Amino acid sequence: MERVIGILGGMGPLATVELFRRIVLKTPAKKDQDHPRIIIYNNSKIPDRTAYILGKGENPLPELIESAKKLEAWGADFIIMPCNTAHYFAEEIQKAVNIPFINMIEETAEYIKNLGLKKVGILATDGTIKGMVYHQALLSRGIKIAVPNEKDQKSLMDAIYDGIKAGNIEWGRREMLKVAKKLEKRSDGLIAGCTEVSVALRQEDFEIPLIDPMDVIAEKAVKLALDL
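Fair warning: this is a prediction, and the values are worked out from it, not measured in the lab. (Residues numbered from 1 in each chain as written. Predicted model: local features only at pLDDT ≥ 70, side-chain atom pairs only at ≥ 80, totals over all residues. Heavy atoms only, no water.)

Participant: Explanation requested: helix α9 (residues 169-184) in the structure shown.
Facilitator: Within an α-helix, residues lying three or four positions from one another point in the same direction, as the helix has 3.6 residues per turn. Counted at 1.5 Å a residue, the expected span for α9 with its 16 residues is 22 Å, and the 22 Å between its end C-alpha atoms agrees. Taken residue by residue, α9 has Gly 172, Arg 173, Glu 175, Met 176, Leu 177, Val 179, Ala 180, Leu 183 and Glu 184 as its buried positions. On the buried face of α9, the contacting elements are β4 (119-123), β5 (144-146), α8 (150-164), β6 (189-192) and α10 (195-200). (Helix = DSSP H or I, 4+ residues; strand = E, 2+ residues; numbered from the N terminus. Expected span 1.5 Å × (residues − 1). Buried < 20%, exposed > 50% of the residue type's maximum accessible area, 1.4 Å probe, protein only. Contact = heavy atoms within 4.5 Å.)

Participant: Honestly, the environment of Met 176 in this entry has me stumped. Any pointers?
Facilitator: Note that Met 176 resides in helix α9. On a C-alpha basis, the gap between Met 176 and Ser 198 in space is 11 Å, while along the polypeptide they are 22 residues apart. With residues near it in sequence (within four places) discarded, Met 176 still touches Leu 156, Ala 159, Ile 160, Ile 164, Glu 196, Val 197, Ala 200 and Leu 201.

Participant: Just to check I follow, could you spell out the packing of helix α1 (residues 13-26) against helix α11 (residues 213-226) for this structure?
Facilitator: When two helices pack together, their arrangement is captured by the angle between the axes and the distance separating the axes. Across the interface, α1 lies against α11 with an axial gap of 9 Å and an inter-helix angle of 55°. Looking at the two axes, α1 sits oblique to α11. In this structure, α1 meets α11 at a crossing whose hand is right-handed. Contacts between α1 and α11 involve Ala 15, Glu 18, Leu 19, Arg 22, Ile 23 and Lys 26 on the former and, on the latter, Met 214, Asp 215, Ile 217, Ala 218, Glu 219 and Val 222. Along the lines of polarity and charge, the residues of the contact of α1 with α11 split into seven nonpolar, no polar and five charged. (Axes fitted to C-alpha atoms, helices over the stretch in contact; angles between N-to-C directions. Parallel < 35°, antiparallel > 145°, perpendicular 65-115°, else oblique. Left-handed = near helix turned anticlockwise from the far one by under 90°. Nonpolar A, V, L, I, M, F, W, Y, C, P; charged D, E, K, R; others polar.)

Participant: What is the right way to look at α8 in this model?
Facilitator: The terminal C-alpha atoms of α8 lie 20 Å apart, and with 15 residues this matches the ideal 21 Å at 1.5 Å per residue to within 8%. Along α8, the residues that are buried comprise Asp 152, Gln 153, Leu 156, Ala 159, Ile 160, Gly 163 and Ile 164. Each buried residue of α8 sits inside an arc of 140° when the element is viewed along its axis, so together they form one side. Of the residues in α8, the exposed ones pointing more than 90 degrees away from the buried face are Glu 150, Lys 151 and Lys 154. On its buried side, α8 packs onto β4, α6 (126-130), α9 and α10. N-cap assignment for α8: the residue whose side-chain oxygen lies 3.2 Å from the backbone N of Lys 151 is Asn 149. (Arc of directions from axis to C-beta. Polar contact = N/O pair within 3.5 Å; in protein donor to acceptor, adjacent residues only side chain to side chain.)

Participant: Got a minute to help me understand the side chain of Thr 128 in this structure?
Facilitator: Along the chain, Thr 128 turns up in helix α6. Residues contacting Thr 128, with those up to four places away along its chain left out, are Asn 84, Thr 85, Val 133, Tyr 134 and Gly 193.

Participant: Just checking my understanding: could you explain the packing of helix α5 (residues 104-115) against α11 for this structure?
Facilitator: At a closest axis distance of 9 Å, the pairing of α5 and α11 adopts a crossing angle of 100°. In this view, α5 runs roughly perpendicular relative to α11, as classed from their interaxial angle. Of α11, the residues touching α5 (which contributes Met 104, Glu 107, Thr 108 and Tyr 111) are Pro 213, Met 214, Val 216, Ile 217 and Lys 220. Along the lines of polarity and charge, the residues of the contact of α5 with α11 split into six nonpolar, one polar and two charged.

Here you go:
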């Protein structure tokens, strides 16, 4: 039975497009008709999650819930979401709809557990880290956590916003890699906790695994949609 994938976007166009691309790449298709059906709602009215988590912005939950309900009404059989920080609201989103919300954070934590890693570094901005979206999922599976210090969190934020998002790709990648290399020394693996991290950095940059949550959730979505 084929199921329809719902992608809840609007928290960075790059993330939404990149998740769609990952799903296409992970689909075992020989022709166009072999690909799963996907509904994307890119709601640009969703307020900044990091700002809210840090106590400086509007609550994004109402718009997240409205977006999830629209995907359900339009025929999605389950919902996935590429934004790490938005998973701070995962339980409330799931309660608001009658279809499954596939939690990227939980799926990533389980993937890391199956890899046998004991300590992972979360390469992410302050919203993801201070929101602790990965902490419970990892710690409940016996996996220890390393995070960048405050200065490096700001450096990573600058690399993303003044570098990757602003089109200064090479500078952003260099600055991001500096932070990542420090975290690598304290970890058995690294989580690409922002879309821009997974786009800018590559596995060959490191001697330890670089885990990409969007890869994890894309593979899960394909298996669910095509009943593999």
